[in-house]
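One-letter residues, chain by chain:
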Amino acid sequence: MQQTMQPFTFHTPTRISFGEDTAYGVGDIVAEFGASRPLLVTDANLLKAGLLGPIIEALREAGIAEPVIFDQVPPDSDITCVRNAVNIARAASCDSVIGLGGGSVLDTAKVVNIGLTFGVDVMEFEGMNTLTSKLLPFIAIPTTAGTGSEVSAVAMIKDHVEHKKLLFGSRFLFPDVAILDPKLLVSLPPGLTASTGLDALTHAIESFVAMTKNSPSDALCLESMKLIFGNLPRATKDGTDLEARSAMLVGSMMAGLSFTNAGVGIVHALAHAFGGRFGTHHGVTNAIFLPYGMEFNLEAVSDKFDMAYNYLCVVMRDSAEPSKSWFVSGKGDSATNLIQAVRNLNSACGVPSRLKDIKVPELSETEMIELAEIAITDPAIMFNPRLASIEDLVEIIKRAY
Amino acid sequence: MGYFANTEELNKVMEILWNKIKEQPDMSQKLIDTKLVVQFKYRDPDGLLTIDCSDGQEMKIIVGATNLKPIIEMSMKADIAHEFWLGKTNIPLAIMSGKIVSKGPTPKALALLPVIQPAYTLYPLVLQEIGKKIA
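What you are looking at is a predicted structure, and each value in this text was computed from that prediction instead of being measured. (Residues numbered from 1 in each chain as written. Chains lettered and ligands numbered in written order. Predicted model: local features only at pLDDT ≥ 70, side-chain atom pairs only at ≥ 80, totals over all residues.)

## Focus: unusual backbone geometry
Note the cis peptide between Asp44 of chain B and Pro45 of chain B, where omega equals -5 degrees. Within the fold, Pro45 of chain B resides in the loop between strand S1 (37-43) and strand S2 (47-52). Even without being glycine, Lys359 of chain A reaches a positive phi, approximately 65 degrees. When you line up the elements, Lys359 of chain A lands in the loop between helix H12 (334-348) and helix H13 (365-376). Lys359 of chain A gets classed as exposed once you count the C-beta atoms within 10 Å, which come to 10. (Helix = DSSP H or I, 4+ residues; strand = E, 2+ residues; numbered from the N terminus. Buried ≥ 20, exposed ≤ 12 C-beta atoms within 10 Å, placed from the backbone.)

Written out as C-alpha cells, the structure reads:
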C-alpha cells in the first residue's frame, strides 16, 4: 500500500538577498521598512576588523540616521547582554534591529528585538510559539556560514547565573531579510570556517532524516550537503576563495531553512549538553558527534542515508575537488559510506574527531549519565528518527570520547 | 464541533485523569520531584488546569482560576489535548506548526512527556467512566 505523506507546515517568510557587496544595500532595506533608527547588534571583533564602517556608510547614504551600535555580544551570549542591549535600544528609541555577526550575535539580536518591540522583560516570552504578533523589522547579516540563524525561527541564549539555556521559538522570530554577502566572511579564520561549516552540515544531515522532515526540507538538505561537501575544505584552506565562501553561505542558509522547518536530532542534543557543561564549541562538538549519531540512527534511516550518498555521488561526479574521492572510495554500503564521507570531510578540515581532543575531561559513568539526562530532555532530540535511551546516549558518548 | 461539549465536561475529564495519575506513584512521585507548577490552558472550549508540585511533597490539582504563577504554561485547543492523551498527537509536529504553545523552560516541559506517557492507557478509562465515546 502506498504510504501517505505526513502532514507538514513549511514556513519561510525571510527575504534572502545573496551576492558580493549586498551588505551595502542594508540602508535601502531599512528605509523600505519605514524605519529610521536601527539598533546594530554585533561583537567587538567585527568592529575591530573594520566590517562595520562600510555598513554604517551605506546606512548614511540611504538617509538613515547614525545607527545605535551595541557591540558587546560575547561568543556565548546571555540574558544579561540581551537586557543591556534592550535598555540601550529603548533609551535611543530604536525602531528596527540589524544583526551583523555569527550565530550568537544573530540569536541575541532576535531576542533583543522581542524586548524592544514589547517593552517587557524578554523572559515573558521564553518557550515555543509564545509570540502572537509581528516584531519590529529585523535584518540579519551573517558573518559565518553555519548557524542558519539568519533564516530560522529560533534563538538560543544562556543564563550564566542560573546555568540555563533559554530557548525562544516562534514564526515571528524569522528575520524579515537575510543579507548573504560572501565578502564579509573573507577574514573568518580557518578553524571557525571549518567548525561553523560542519555545524551547517549537521543541520543538513539531521534534518534530512528528522521525524518531521518533508519534501521541501529534503530538497534543501540535499543541495546543502552538495554545496558543503564540495566547498568547505576550499573555504577553510583559502578564506579569500569567494566561490567557496559563496557556496558555504548558501549551503548554510539552505540547511537553516530546512532545520527550522524539520528539526534536528540527537547530535545537536548531545552538543548542547556538552556545550552547556564544558563550554565546547557548538560546531566542533557537532562535528565530533555527527558520525556517531548517524551510526546510531542507521537502523532507522539507512534508506535515507543511502539515497543521500547516491545523490551526492551523481552530482559530484564531475567535481574537480578532492571531495569527489570521498564518495567513490567507500567499501561499505551507501549508507555507511556517507558516514565515512563525513569522517573524511572532518579530517580534511582539520577538525578534532574525539571529545578528548577538545579538552573534555575523562568522564565517570555517573557524569556520562548526567550528560545523557540533559541531552534526552533537549528539544532537539524530539525530532530524532530513532528513540534514544539514556544507555544509548551514554554509549555514543563513550564511543565519541 | 470539538470533542468536548463544554468547559464543564473538559475540566471534569482532565480532573479525573489527573487524579488517576496522582494515584499512580510511578508517575506522581516523578512529577512531585520536579517541583514544577504546570498550567494547561485550553480553548474551544476554554479550560484551565494547574498541577502544583512546588512543595516537593504533594501533587495538587487545581481546576479553574488560581493565583499560582506557573513555571510552565501549555496552551492548546482542547481537541489537541484529547488527541494527545489518546497518544495520537505528534508533539514535534504540533509544536512546529504552532498548535501547542509552551511558555517557560522547554527542556523541563519536554522532560514531563515520558513521565506522563503511561497515562495514555488511563485516558480511555476516564472517558468510559463518564460515558463518553472515544472519537
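## Remarks on the nonpolar core
Residues and elements named next belong to chain A. In terms of nonpolar packing, the biggest core is built from 168 residues, with Val26, Val41, Val112, Ile139 and Leu270 touching the most fellow members. When residues in this core are grouped by element, the largest group, 12 residues, is from helix H10 (residues 282-315). When residues are assigned to domains, this core turns out to be shared by domain 1 (15-183) and domain 2 (190-400), each giving three or more. Look past the residues within four positions of Ile139 in its chain and what remains in contact with it is Val26, Ile29, Val30, Ile98, Pro175, Asp176, Val177 and Ile179. (Core = buried A, V, L, I, M, F, W, Y, C linked by C-beta atoms within 7 Å. Domains from an automatic or database assignment. Contact = placed C-beta atoms within 7 Å.)

## Examining the interface of chain B and chain A
The interface is formed by 17 residues belonging to chain B together with 18 residues belonging to chain A. Those elements that provide at least two residues to the side of chain B that touches chain A are helix H4 (91-96), strand S5 (101-103) and helix H5 (106-116) of chain B. The dominant element in the side of chain B that touches chain A, judged by the number of residues it contributes, is H4 of chain B, at 5 residues. Residues belonging to the side of chain B that touches chain A are distributed by class as follows: 11 nonpolar, 5 polar and 1 charged. (Nonpolar A, V, L, I, M, F, W, Y, C, P; charged D, E, K, R; others polar.)

## Remarks on the packing of H10 of chain A against helix H14 (residues 390-400) of chain A
Residues and elements named next belong to chain A. Running from N to C, H10 and H14 point in directions that differ by 135 degrees, and their axes come no closer than 10 Å. Put simply, H10 runs oblique to H14. As for how H10 packs across H14, the hand of that crossing is right-handed. Of the residues in H14, those in contact with Ile288, Phe289, Tyr292, Gly293 and Phe296 of H10 are Asp392, Ile396, Arg399 and Ala400. Residue classes in the contact of H10 with H14 are distributed as 6 nonpolar, 1 polar and 2 charged. (Axes fitted to C-alpha atoms, helices over the stretch in contact; angles between N-to-C directions. Parallel < 35°, antiparallel > 145°, perpendicular 65-115°, else oblique. Left-handed = near helix turned anticlockwise from the far one by under 90°.)

## Section: the sheet that holds strand S6 (residues 138-142) of chain A
Residue and element names in this part refer to chain A. The sheet built from 6 strands is open, its strands ordered S1-S9-S6-S4-S2-S3 with parallel pairing. Looking at the sheet topology across the chains shown, the edges are occupied by strand S1 (15-18) and strand S3 (68-70). Across the sheet, the mean angle from the axis of one strand to that of its neighbour is 15 degrees, orientation sign disregarded. Contacts from helix H5 (residues 103-118) reach strand S2 (38-41), strand S4 (96-101) and S6, with the element oriented near 165 degrees to S4. (Pairing = 2+ DSSP bridges.)

## Concerning the environment of Ile141 of chain A
Residues and elements named next belong to chain A. Considering the arrangement of structural elements, one finds Ile141 in strand S6. Overall, Ile141 belongs to the buried group, with 27 C-beta atoms counted inside 10 Å. Between the C-alpha atom of Ile141 and that of Gly99, which follows or precedes it by 42 residues, the distance is 5.9 Å. Apart from residues lying up to four places away in sequence, Ile141 is in contact with Ala23, Val26, Ile98, Gly99, Leu100, Ile179, Asp181 and Leu184.

Take it as geometry only, folks, not as evidence of what the structure does.
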